[in-house]
Amino acid sequence: MAFKIYTKTGDKGQTSLIGGTRLPKQHIRIEAYGTVDELNSYLGLIRDTVQDKKIIDLIIEIQDRLFTIGSHLAADPEKNKMTLPIMHESDVVKLEEEIDAINAVVPEMKFFVLPGGHICVSHCHVARCICRRAERAVLRLAENETVDEIHYKYLNRLSDYIFMLSRYITHVNKVEEIPWKPKHG
């Protein structure tokens with residue numbers, strides 16, 4: 001028998017966690033892992049717009065890490081019996097090293113920049129915003145439930161990496177960064 005994508009079990013506004021617990025689809029836990037999933041999908045779009053194999057390979061690794069975070073968020077902390085993949089501090093360190101490597105190449109940042117200038121740069125800025133939203137959702141969940149600190153720490157560092165990736169792509173494509181010039185009156 002073929003696997004069916006629809007189960008009809010969510011037709012009344014609830015969904016199941018790993019472990020069987022049913023929650024309303026608007027529950028913060030569902031919002032958190034749904035936003036992580038949205039980020040993962042958007043990173044796939046960025047991966048499809050870059051040509052640099054090193055960046056592509058890193059994005060694939062990041063997408064794997066986001067699936068790991070999502071699996072933990074989608075699991076009932078008390079009823080789950082599955083062995084889930086784990087995050088390591090080295091995952092965060094890897095992002096920090098990539099940020100530092102980009103920072104050594106791009107011009108010093110002296111002003112806020114307007115998002116845009118190149119299609120991939122624009123996609124990076126959207127992904128950065130989704131990443132920040134995912135981090136906020138995970139932190140809201142952590143206010144009332146146990147969430148491993150490494151998950152929101154990784155999302156925080158990932159948003160920094162995505163911003164630096166946008167600057168790197170701007171730099172290698174010789175795109176002008178447009179400074180934000182606030183109007184005062």
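Residues numbered from 1 in each chain as written. Predicted model: local features only at pLDDT ≥ 70, side-chain atom pairs only at ≥ 80, totals over all residues. Heavy atoms only, no water.

Chemist: Whenever I open this one, helix H1 (residues 28-49) confuses me. Can you help?
Modeler: The first and last C-alpha atoms of H1 sit 32 Å apart over 22 residues, in line with the 32 Å expected at 1.5 Å per residue. Three or more residues of H1 are buried, namely Arg29, Ile30, Ala32, Tyr33, Thr35, Val36, Leu39, Asn40, Leu43, Gly44 and Ile46. (Helix = DSSP H or I, 4+ residues; strand = E, 2+ residues; numbered from the N terminus. Expected span 1.5 Å × (residues − 1). Buried < 20%, exposed > 50% of the residue type's maximum accessible area, 1.4 Å probe, protein only.)

Chemist: It is not clear to me how empty space enclosed by the protein should be interpreted in this structure. Could you clarify?
Modeler: Using a probe with the size of a water molecule, rolled over the atoms, empty space left in the structure can be pinpointed. Enumeration according to the criterion identifies one cavity of 30 Å³ or more in this entry. Empty space within the largest cavity amounts to approximately 70 Å³. Considering the residues around the largest cavity, the lining is formed by Val113, Leu114, Gly116, Val121, His125, Phe163, Ser166, Arg167, Thr170, Glu176, Glu177 and Ile178. Mapped onto the lining of the largest cavity, the elements with two or more residues apiece are helix H4 (119-144) and helix H5 (149-172). With four residues, the single largest contributor to the lining of the largest cavity is H5. (1 Å grid on protein atoms, 1.4 Å probe; cavity = no way out; pocket = protein on both sides within 12 Å on 5 of 7 lines; lining within 4 Å. Points joined across faces, edges and corners; volume = space filled by probe spheres on them.)

Chemist: When you look at the environment of Asn40 in this model, what are you seeing that I'm missing?
Modeler: Looking at where Asn40 falls in the secondary structure, it is placed in helix H1. Measuring from C-alpha to C-alpha, the distance between Asn40 and Leu66 comes to 6.4 Å, with 26 residues separating the pair along the chain.

Chemist: I keep staring at the pattern of salt bridges and nothing clicks. Help me out?
Modeler: Opposite charge on two side chains makes pairing possible when the charged atoms of those side chains draw close. Counted according to the given criterion, the structure contains eleven salt bridges. Here Arg65 ties to Asp64 by a salt bridge, and the two come within 3.1 Å at their closest N and O atoms. We classify Asp64 as partly exposed; its relative accessible area is 42%. Overlapping salt bridges bring together Asp64, Arg65 and Asp91 as one network. (Salt bridge = Lys/Arg side-chain N within 4 Å of Asp/Glu carboxyl O.)

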